[in-house]
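Residue-level structural notes
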Amino acid sequence: MSYPSSKVLIIEDDRKMSDALVSGIRSAGYEVLAASTAEEGFFLVHSGQPDLLLLDLTLPHRNGLDVLRQIRKEGIDIRVLILTSHNTVDDRVEGLRSGADDYLGKPFSFPELLARMDALLRRFLPPTAPASLKVGDLSLDPKNRMAYRAGELLDLTPREFDLLLYLAENGGRTVSREMLAKDVWRETSRFTPIDNVIDVQIARLRRKIDDPFNVKLLQTVRGLGFSLREP
Amino acid sequence: MTLRPTNLRTRLTLWYVGVLALLLIVYATVVLAFQYGVLTRQLYHDEVQDVVTVEGLLFFDQAGELRLTQNYYSRPQSHLLVDRLMEVRDLSGKILYRSSTLHNMALGGPLREGEGDAGFDERLVRLSDGSHAFVVSHIHTMQGRTVVIRLGYDLGPLRDRMIQFFLMLLIAIPLALALAAVAGQSIAKRALRPLEQMTARAERITASNLGDRLDIANERDELGNMARVFNHLLERLEQAFRQLQRFTADASHELRTPLAAIRTISEVALAKPTNAEAYHEALGNVLEESNRLNQTVDSLLLLARAEITPPGESQPVFVIGDLVTEVVALLEVLGEERSVKITQRQHELATVEVRADRGLMRIALMNVIHNALKFSPRDSAINIGFAQPEASWLHISIEDEGPGIPSEEYAKVFDRFFTSSERSTANTSGVGLGLSIAKLVVERAGGRIGFDETFHQGARCVIRLPYNSTVL
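Thresholds, definitions, all that
Residues numbered from 1 in each chain as written. Chains lettered and ligands numbered in written order. Predicted model: local features only at pLDDT ≥ 70, side-chain atom pairs only at ≥ 80, totals over all residues. Helix = DSSP H or I, 4+ residues; strand = E, 2+ residues; numbered from the N terminus. Buried ≥ 20, exposed ≤ 12 C-beta atoms within 10 Å, placed from the backbone. Contact = placed C-beta atoms within 7 Å. Pairing = 2+ DSSP bridges. Core = buried A, V, L, I, M, F, W, Y, C linked by C-beta atoms within 7 Å.

Right, let's get into the overall build of chain B. Scanning chain B from terminus to terminus reveals seven helices and 14 strands. For chain B, the proportion of its 472 residues judged to be buried stands at 23%. Of all intrachain contacts in chain B linking residues separated by at least 6 positions in sequence, the fraction that spans at least 24 positions is 64%.

With that settled, the discussion passes to the pairing of strand 8 (residues 146-149) of chain A. Regular strands show a simple pattern: their side chains alternate between the two faces of the sheet. Residue and element names in this part refer to chain A. Residues Ala 147 and Arg 149 of strand 8 are buried on one face, while the alternating residues Met 146 and Tyr 148, pointing to the opposite face, are not. Here strand 7 (residues 138-141) runs beside strand 8; their pairing, made up of four bridges, is antiparallel. Within the sheet, the bridge partner assigned to Leu 140 lies in strand 8 and is Ala 147. Here strand 7 hands over to strand 8 after four residues, with Arg 145 in that stretch at a positive phi of 55 degrees. Across two bridges, the pairing between strand 8 and strand 9 (residues 152-153) is antiparallel. Bridge assignment links Tyr 148 to a residue of strand 9, and that residue is Leu 153. Count of turn residues in the strand 8/strand 9 antiparallel hairpin: two residues, of which Ala 150 carries a positive phi of about 50 degrees.

Omega for the bond connecting Lys 106 of chain A with Pro 107 of chain A falls within 30 degrees of zero, at -5 degrees, which places this linkage in the cis form. For Pro 107 of chain A, the position within the fold is in the loop between strand 5 (102-105) and helix 5 (110-122). In the Ramachandran plot, Gln 143 of chain B falls in the positive-phi region, its phi being about 45 degrees despite a non-glycine side chain. Mapping Gln 143 of chain B onto the fold places it in the loop between strand 6 (132-142) and strand 7 (145-154).

With that settled, the discussion passes to the nonpolar core. Ranked by internal contacts, the top residues of the largest apolar core, which has 103 residues, are Leu 55 of chain A together with Ala 364 and Val 441 of chain B. Looking at this core, the element that brings in the most residues is helix 6 (residues 358-374) of chain B, giving 10 residues. Leaving out residues up to four positions away in the same chain, Ala 364 of chain B has contacts with Ile 437, Ala 438, Val 441 and Val 442 of chain B. Listed in part, the 15 residues of the second largest apolar core include Met 86, Leu 107, Phe 134 and Leu 151 of chain B.

A few words on the environment of Leu 255 of chain B. All names here are of chain B. Residue placement: Leu 255 occurs in helix 3 (residues 222-271). Among the residues examined, Leu 255 registers 16 C-beta atoms within 10 Å and is labelled partly exposed. Residues Leu 255 and Thr 296, spaced 41 residues apart in sequence, show a C-alpha to C-alpha distance of 7.2 Å. Setting aside residues up to four positions removed in sequence, Leu 255 forms contacts with Leu 293 and Thr 296.

Function cannot be inferred from these measures alone, as they are strictly geometric.
Structure representation (structure tokens):
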């Protein structure tokens with residue numbers, strides 16, 4: 001569900017991190033520009049006209065927040081997602097106040113980064129609220145909170161339905177435990193008990209939607225998280 | 001610019017000398033005034049006696065002239081009277097006698113109304129040569145004639161004596177003050193010497209000899225007390241420092257373990273070309289290990305956050321029972337998987353409000369209940385109860401039916417990175433910081449947490465929290 005027409009600029013001084021981001025985002029279907037200093041990035045903001053900027057805050061010579069403020073001062077139309085290891089509430093507030101659209105603390109999970117990038121670019125497109133979501137022979141009716149597999153109504157708890165809906169909405173892409181903790185459980189931080197709860201809840205959901213059927217839809221991606229898709 | 005001595009010893013001495021100077025000046029003034037008063041009284045008495053003596057010596061001769069008996073000077077005790085000033089007038093004011101010492105000057109002006117009528121009137125008189133005299137007047141009748149006797153003494157000698165006395169004080173006081181300053185300086189130096197020693201000692205204490213303590217010369221004096229308090233401070237510092245050292249060592253160990261795994265997995269995978277599936281497997285493992293690293297770092301940050309939370313009193317209140325219900329609802333699913341039933345006993349105490357950082361307290365409760373769940377066998381129960389054994393103290397107990405805690409580990413389970421020798425079973429996961437976080441959070445809220453050593457059907461964790469009974 002990426003937006004291939006979108007251009008993403010990455011300003012990140014750590015070369016390995018930058019390389020990994022470039023190749024990951026490029027393979028997700030975006031056009032990617034990369035800069036390792038604030039000056040270079042600033043030049044690319046003007047010359048490349050990207051739609052989305054991934055901004056690291058600790059840059060050599062110049063603070064990432066300065067770059068952000070300058071961009072906002074000039075009124076350039078660009079979404080900005082801050083990527084940083086400064087991850088306290090105050091840092092987030094300062095980043096968002098300075099004009100960022102979103103904030104992701106390092107280390108983050110790559111699926112979450114992609115999901116947030118999508119969300120930022122989608123936010124400005126007309127909303128498409130589908131009447132139903134389909135993955136293989138599984139269909140969800142978000143309005144009435146019903147789920148069917150092969151035409152059969154599944155008996156799900158509210159939490160299980162939320163989880164399934166979230167997985168379905170991510171359209172086959174992997175979602176990490178961080179994303180689940182934040183978006184389904186609404187937990188502000190992630191810690192051991194929550195991870196266990198997520199694993200157990202996934203196992204229970206799998207028993208209900210997959211175990212009676214031959215085709216398994218709910219996949220575990222080692223080290224990354226889970227995805228709902230046809231194998 | 002004001003000149004202020006920064007040295008405590010000099011300041012003490014200055015204060016001391018200043019106060020002493022003030023006292024001496026007040027003292028000298030009082031003494032001078034008193035002395036003057038006493039001498040004046042003495043003069044008055046002498047004069048009264050003189051008048052009485054003179055009355056016996058005065059006589060009118062045949063010519064009606066007033067005279068003084070001539071053998072007067074032969075009396076040895078009367079030589080003092082040589083310098084007395086005397087004048088006798090009759091009631092019309094006419095001068096009948098004037099002593100030669102007056103050199104024809106008047107001793108006071110014309111007669112006053114009723115002068116000397118009622119005894120011995122005293123007054124101060126200025127003579128025409130500028131000197132002053134202290135005069136008494138007395139009315140006297142002899143040989144049928146009434147006269148007024150005025151007798152006085154020149155005040156010059158008295159004043160000279162007073163000035164002498166004053167000059168003596170003027171020299172003696174600064175001398176005394178100078179001596180006092182020297183003495184004060186040396187006394188202050190002696191008194192402050194232990195302080196200097198302590199300063200020198202304290203200056204030598206650094207992180208490497210934090211075990212050193214200050215010497216206490218006298219336990220009961222102020223400096224001894226200060227040294228004692230300072231030693232307590234050092235004690236606490238040392239403890240905190242050791243704890244930090246241990247913690248840093250533990251933390252680096254805990255961080256190094258997943259790092260080592262990541263390194264080894266990657267090295268093995270890259271050692272020789274292999275198939276995609278093996279790479280996939282290796283990368284999955286690397287990600288899992290890095291997740292573990294991340295969790296450890298998150299937990300450490302959480303601990304740091306809990307350490308700097310303001311104490312419970314400055315926090316908003318919330319209903320503790322609601323929080324417990326919320327946590328149980330979240331973790332229930334873990335119990336259901338293994339048929340562990342979590343029951344929260346209904347109690348009116350569940351509605352009391354406590355003061356704490358709610359978010360942190362939630363994590364604390366979650367860690368404790370999660371811990372109980374981890375060690376619960378299949379088909380068992382976890383009971384959460386409320387009690388109030390002491391006024392204003394709420395006890396929340398979490399009982400599981402697991403293996404319990406070995407007696408030697410009761411004190412250690414809350415240590416950071418502690419994993420039990422017996423309890424580290426297959427189903428334990430996490431980084432060994434859960435209970436430490438819980439302990440820190442509960443203590444920051446002014447409470448206590450511990451396992452009940454008298455409970456043997458499993459483990460029983462008791463969280464004691466203060467609550468304000470007036471909010472009930």
